[in-house]
Structure formats: C-alpha cells, structure tokens
Amino acid sequence: MSVVVRPVVHGMHGARFESFVAPSRGSAELCAWRTVLESEQIGTAHRVDREEVFLVLTGEPECELDGRRHTLTAGSVVHVPAGSRVRLDNPGSAEATVWVTAPAGLTAVTDSGETITPPWAR
C-alpha cells in the first residue's frame, strides 16, 4: 500500500496536472491525477489511446467528447473511451478541478499532430 500526500505537479497546454498515482510513483497499472483548469481556459483537443474517467470536483467545466459538448458540474462523471477525441474547457469565472483515472502509459495525439506522452501517466 502507498499513501501519497503530495502530488507531483506538471503543466501542459495551460492546465496544471497534479499526479498522485503513476508507475513513477509505484503503480503497476493505473494513473490518477487532478487537472486544474483556470477560469476562461480553453483546452487542447486530443485523441486518447486508452480510456479515461473524469470526475468533476469543483467548477463547471465543459467537455467536448467526439464532437458533442457537455456542461458538467461537481459530481459529474465522464467515461472517455479509447480512441475518442476529447477537450476540457473552463468557460466559467472560477477555477475548475477534475479527477482523472486512466491506465498507465496513456498517450494522446492533438489535432495538430503533436504526440503527448504525459509524465503523470508514466
């Protein structure tokens, strides 16, 4: 058993990623992190190679999943299937936080063709 009190913090595309569970921290199969979206932040659309689960902790972020927009509130859960195109935005005036769980080794490709190998998933 591992108990993680302090996350490892990363930044990418204007968002903050606070990593709690990852192979680099002792996990064999899972990753878990908190994504922090500042107010009026537009995310980066990307296609994931493994499924993810989002749980909104605070705020009212918007999730675009395979071309459909969803306004979320605290407690909302979104399942992002592998191969899906997803983008998280925060059009509101307050910070939004989202808990994300995914398999270790997750990668993604942005609409511009950039391959993302997030350090919080390794």
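Every value quoted in this text rests on a predicted model; they were computed, and no experiment measured them.

> Explain the side chain of Ser19 to me, please; I cannot follow it from the model alone.
With respect to the helices and strands, the residue Ser19 is situated in strand β2 (residues 15–21). Not counting chain neighbours up to four residues away, the residues in contact with Ser19 comprise Pro7, Val8, His10, Arg25, Ala32, Trp33 and Trp120.

> Help me understand the sheet that holds strand β7 (residues 68–71) in this model?
Strands sit in the order β7-β6-β9-β4-β11-β12 across an open sheet of 6 strands; the sheet is antiparallel. The sheet terminates laterally at β7 and β12 (115–116), the two strands that pair on one side only. With 3 bridges connecting them, strand β4 (residues 46–48) and strand β11 (residues 108–110) associate as antiparallel partners. If you follow Val48 over to β11, its bridge partner there is Ala108.

> Would you explain the pattern of salt bridges in this entry?
Oppositely charged side chains can form a pair if their charged atoms are brought close together. Enumeration over the complete set of coordinates arrives at 11 salt bridges. Between Arg16 and Glu18 there is a salt bridge whose closest N-O contact spans 2.9 Å. On the basis of relative accessibility, which here comes to 8%, the residue Glu18 falls in the buried class. Asp49 is paired through a salt bridge with Arg50; the nearest N and O atoms lie 3.9 Å apart. Looking at Asp49, the relative accessible area reads 38%, which means it is partly exposed. Arg50 gets classed as partly exposed once you look at its relative accessible area, which sits at 33%. Because the salt bridges share partners, they merge into one network encompassing Glu62, Glu64, Arg69, Arg85, Arg87, Asp89 and Asp111.

> Can you help me understand the pairing of β7 in this one?
For a regular strand, side-chain orientation follows a simple rule: the groups alternate between the two sheet faces. Two strands pair when backbone bridges link them, and strand β6 (residues 62–65) and β7 are joined in this way by 4 bridges, in the antiparallel orientation. In the sheet register, Glu62 faces β7, and the bridge partner there is Thr71. Following β6, the chain reverses through 2 residues before pairing antiparallel with β7; Asp66 in that reversal takes a positive phi of roughly 50°.

Conventions and cut-offs
- Residues numbered from 1 in each chain as written.
- Predicted model: local features only at pLDDT ≥ 70, side-chain atom pairs only at ≥ 80, totals over all residues.
- Heavy atoms only, no water.
- Helix = DSSP H or I, 4+ residues; strand = E, 2+ residues; numbered from the N terminus.
- Contact = heavy atoms within 4.5 Å.
- Pairing = 2+ DSSP bridges.
- Salt bridge = Lys/Arg side-chain N within 4 Å of Asp/Glu carboxyl O.
- Buried < 20%, exposed > 50% of the residue type's maximum accessible area, 1.4 Å probe, protein only.

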